[in-house]
Every structure is written in C-alpha cells, then in structure tokens.
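Each chain, letter by letter, is given below.
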Amino acid sequence: MAENNEELEIIELEDSEGGTIHCIALGTFEVEEYNNKMYCAFVEVDEAGNESDDVIILEANFVDDTKELLDLAPVEDEKELETAYNKFLELAGENE
C-alpha cells in the first residue's frame with residue numbers, strides 16, 4: 001500500500017501477548033454504523049521495512065481535548081471489526 005517506507009514513520013504497537021510489533025499507520029476513519037466511532041488501520045512491517053498483507057484495525061479514542069493523542073484498543077466484537085475493516089477497504093478503494 002505504501003510507496004516508500006523510508007518516508008513513513010514506523011511506530012511500535014503492543015500485541016496481545018505483550019510483544020512489540022512495528023507498524024505503519026494507514027489512516028484514521030469513522031464508521032457511521034457504530035455512532036461514528038473512530039478506528040485506526042495499521043500494517044505490520046518487518047525489520048527490512050517490508051509490509052505484511054494483513055491490516056490491523058484498532059478502536060481509537062482521543063485521550064484529551066487537544067485531540068493529539070489516541071488511546072488504541074482491540075475491537076472485541078467480530079461484527080464490528082468486520083464492519084470497520086470493510087469501511088477501511090471502501091476508503092482505500094479496495095472494496096469488492
């Protein structure tokens with residue numbers, strides 16, 4: 001998806017087992033079906049900067065009124081995750 005990983009900031013996220021994964025943020029978006037709840041999409045990258053084919057979708061909530069910091073959490077509901085993923089595909093122009 002990204003054209004040049006050298007220009008993109010690689011961030012660290014914690015996985016479900018407490019390990020660290022390196023990712024590139026693909027974007028933040030809202031899903032109307034869930035009261036315009038915000039989500040962030042990420043793609044994991046390896047040490048060489050190669051992107052995975054898998055997209056990670058996390059629920060995003062602003063930490064404070066400055067709207068500069070986000071608190072990210074896994075999407076627990078499978079239907080909500082599927083809806084958010086489909087919205088991401090639609091926004092990325094990859095929907096069926």
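Residues numbered from 1 in each chain as written. Predicted model: local features only at pLDDT ≥ 70, side-chain atom pairs only at ≥ 80, totals over all residues. Heavy atoms only, no water.

Notes on the environment of E30
Then, in step 1: Relative to the assigned elements, E30 resides in strand 2 (residues 20-31).
Then, in step 2: Residue E30 is classed as partly exposed on the basis of its relative accessible area of 43%. (Helix = DSSP H or I, 4+ residues; strand = E, 2+ residues; numbered from the N terminus. Buried < 20%, exposed > 50% of the residue type's maximum accessible area, 1.4 Å probe, protein only.)

Observations regarding the packing of aromatic side chains
Then, in step 1: The final tally for this structure, using the stated rule, is 2 aromatic pairs.
Then, in step 2: Ring centres 6.2 Å apart and planes at 40 degrees place the aromatic pair F29 and F88 in the tilted group. Here F29, found in strand 2, pairs with F88, found in helix 1 (residues 78-92); they are 59 residues apart in sequence, far enough to count as distant. For the pair F29 and F88, a shared accessibility class is recorded, and that class is buried.
Then, in step 3: By the ring-pair criterion, three or more aromatic residues cluster together here, those being F29, Y39 and F88. (Phe/Tyr/Trp six-rings, centres within 6.5 Å; stacked < 30°, edge-to-face > 60°.)

A word on the pattern of salt bridges
Then, in step 1: One pass over the structure, following the stated rule, counts 3 salt bridges.
Then, in step 2: Notably, a salt bridge pairs E59 with K37, separated by 3.7 Å at the nearest N-O pair. Within this pair, whereas E59 is found in strand 4 (residues 51-62), its partner K37 is found in strand 3 (residues 37-45), the two being separated by 22 residues in sequence.
Then, in step 3: Owing to a relative accessible area of 17%, E59 belongs among the buried residues under this scheme.
Then, in step 4: On the basis of relative accessible area, K37 is assigned to the partly exposed category, the value being 25%.
Then, in step 5: Of the charged contacts, one joins K87 and E90 as a salt bridge, the two residues approaching to 3.6 Å between their closest N and O atoms. Of the two residues, K87 and E90 both sit in helix 1, 3 residues apart, roughly one turn of that helix.
Then, in step 6: Judged by relative accessible area, E90 falls into the partly exposed class, the value being 44%. (Salt bridge = Lys/Arg side-chain N within 4 Å of Asp/Glu carboxyl O.)

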